[in-house]
Amino acid sequence: MPLSFNQSVIEEFRSHAGKVGGPFAGGDLLLLTTTGARTGRPHTTPLGYVADGDRLLVVGSNLGAASHPAWYHNLLAHPVVGVEVGTEEFEAIAVPAEGARRDRLFEQVVRVAPGYAEYQASTDRILPVVVLERSEVPAGEGPAEVTTLADKILEVHTWLRHQLRQVSAETDAHFAARAAHQRSGEPGEPPAPGLGLQIRQRCLAFCQALEFHHTGEDGHVFPVMAGYHPHLADTFDRLREEHRTVAAIQGELAALIADIGAADPERFRTELARMSQELTAHFAYEEEQLLPVLAEVPWPPAKAPDSTP
């Protein structure tokens, strides 16, 4: 079966360190891997991009069609995406820009790639501008090197703490902007009551990563550890119970951001504060109890020897 156009570009990209010919020759191209909104399967798409400092900008032009491209719907459902640029691969959080910020970034993109202005002129929909922000532990936080399972868990906890701080900071900024507008007494419409896509995407990325982390601990890490350390049975029971408490708060947050435009900011802020309190205490207890035990377990795990003759 012949390769599709996209697949042929992907293979050429990966075979030639990110360089391709044809219509993409000489342009800045990346590969974006999203998780299917309905299927849960990975989908990789070649896209042009414009650099904005450490961030990358991609536009959901769909060649000026009337509907958004599939990859855009996917990243709304699963904000953590894979990015390949040249020979580099990394995870990113995909955050669509809104309002004046979107307009400013779109103008920035058009200055580099004028064709996007033609795509915008050919459709009534507003072409989304998506900011790809590297999803990594901030420099100076977390373990300097991951060589044990204790290091790996601490790295994950550090990333989750960082994401939670960012969601909290952006939520506080949202409330501060609303309060400033109300104090100004200037005429005009108040800020939109919803929380915005930026807060939604960060919160969703955080919640999905936290759920994956806790599911892995409950299903794999804790059962294996319990076999070697039966004296920690009460610790594992407490941690599982805390996972259930955190999962209930996650459910509340997920329900609130399902329709971000209608989300109640006050309720969201309350649930976010509760999540922060519960998770901070949970991580502190888990690290105190388990990291000393896991410090002797190498990471990544050693591969089982090949038994084939």
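Our structure's up above, just so we're on the same page.
Here goes a summary of the coordinates provided.

Calculation notes
- Residues numbered from 1 in each chain as written.
- Predicted model: local features only at pLDDT ≥ 70, side-chain atom pairs only at ≥ 80, totals over all residues.
- Heavy atoms only, no water.
- Pairing = 2+ DSSP bridges.
- Helix = DSSP H or I, 4+ residues; strand = E, 2+ residues; numbered from the N terminus.
- Axes fitted to C-alpha atoms, helices over the stretch in contact; angles between N-to-C directions.
- Contact = heavy atoms within 4.5 Å.
- Parallel < 35°, antiparallel > 145°, perpendicular 65-115°, else oblique.
- Left-handed = near helix turned anticlockwise from the far one by under 90°.
- Nonpolar A, V, L, I, M, F, W, Y, C, P; charged D, E, K, R; others polar.
- Salt bridge = Lys/Arg side-chain N within 4 Å of Asp/Glu carboxyl O.
- Buried < 20%, exposed > 50% of the residue type's maximum accessible area, 1.4 Å probe, protein only.

This part covers the sheet that holds strand E2 (residues 42–48). Taking strand neighbours across the sheet as the criterion, the seven strands line up as E2-E1-E5-E6-E7-E4-E3 in an open arrangement whose pairing is antiparallel. Taken across any chain shown, the strands that pair with only one partner, and hence form the sheet edges, are E2 and strand E3 (50–52). Pairwise comparison of adjacent strand axes, ignoring direction, gives a mean angle of 35 degrees for this sheet. Strand direction decides the pairing type here: strand E5 (residues 80–85) and strand E6 (residues 88–96), joined by six bridges, are antiparallel. Following the sheet pairing, Gly82 is matched in E6 by Glu91. Across the sheet, helix H6 (residues 197–228) lies against E5, E6 and strand E7 (129–134), angled at about 135 degrees from E6, the strand it touches most.

This part takes up the packing of helix H7 (residues 233–257) against helix H8 (residues 265–294). Look at H7 against H8: their axes get within 10 Å of each other, and the N-to-C directions meet at 160 degrees. Judged on the interaxial angle alone, H8 and H7 are roughly antiparallel. As H7 runs across H8, the sense of the crossing is left-handed. The residue inventory of the contact of H7 with H8, partitioned by class, reads 13 nonpolar, six polar and eight charged.

Quick look at the packing of H6 against H8 now. For any two helices packed against each other, one specifies the inter-axial angle together with the distance between the axes. Two elements in contact, H6 and H8, have axes whose closest approach is 13 Å; the angle formed by their N-to-C orientations is 30 degrees. As for how H6 packs across H8, the hand of that crossing is left-handed. For the pair H6 and H8, the contacting residues are Ile199, Cys203, Phe206, Leu210, His214, Glu217, Phe222 and Met225 in the first and Phe268, Met275, Leu279, His282, Phe283, Glu286, Leu290, Val293 and Leu294 in the second. Tallied by class, the residues present in the contact of H6 with H8 amount to 13 nonpolar, two polar and two charged.

The next subject is unusual backbone geometry. With the exception of glycine, the majority of residues adopt a negative phi angle, and the majority of peptide bonds are in the trans configuration. With an omega dihedral of 0 degrees, the bond running from Trp299 to Pro300 counts as a cis peptide bond. Relative to the assigned elements, Pro300 resides in the segment after H8. One non-glycine residue, Ala17, lies in positive phi territory at about 55 degrees. The topology assignment puts Ala17 in the loop between helix H1 (5–15) and strand E1 (29–35).

Quick look at the pattern of salt bridges now. Pairs can form between side chains of opposite charge whenever their charged atoms are close. Per the counting criterion, the structure on display carries 15 salt bridges. In this structure, Arg202 and Glu170 form a salt bridge, with 2.6 Å as the shortest nitrogen-oxygen distance. Of this pair, Arg202 sits in helix H6 while Glu170 sits in helix H5 (residues 149–184), and the two are 32 residues apart along the sequence. Taken as a pair, Arg202 and Glu170 share a single burial class, namely buried. Between Glu252 and Arg267 there is a salt bridge whose closest N-O contact spans 2.6 Å. Taken together, the positions of Glu252 in helix H7 and Arg267 in helix H8 put the pair 15 residues apart, joining distant regions of the chain. Classification of Glu252 as partly exposed rests on a relative accessible area of 28%. A relative accessible area of 41% places Arg267 in the partly exposed class.

Geometry only, nothing functional implied.
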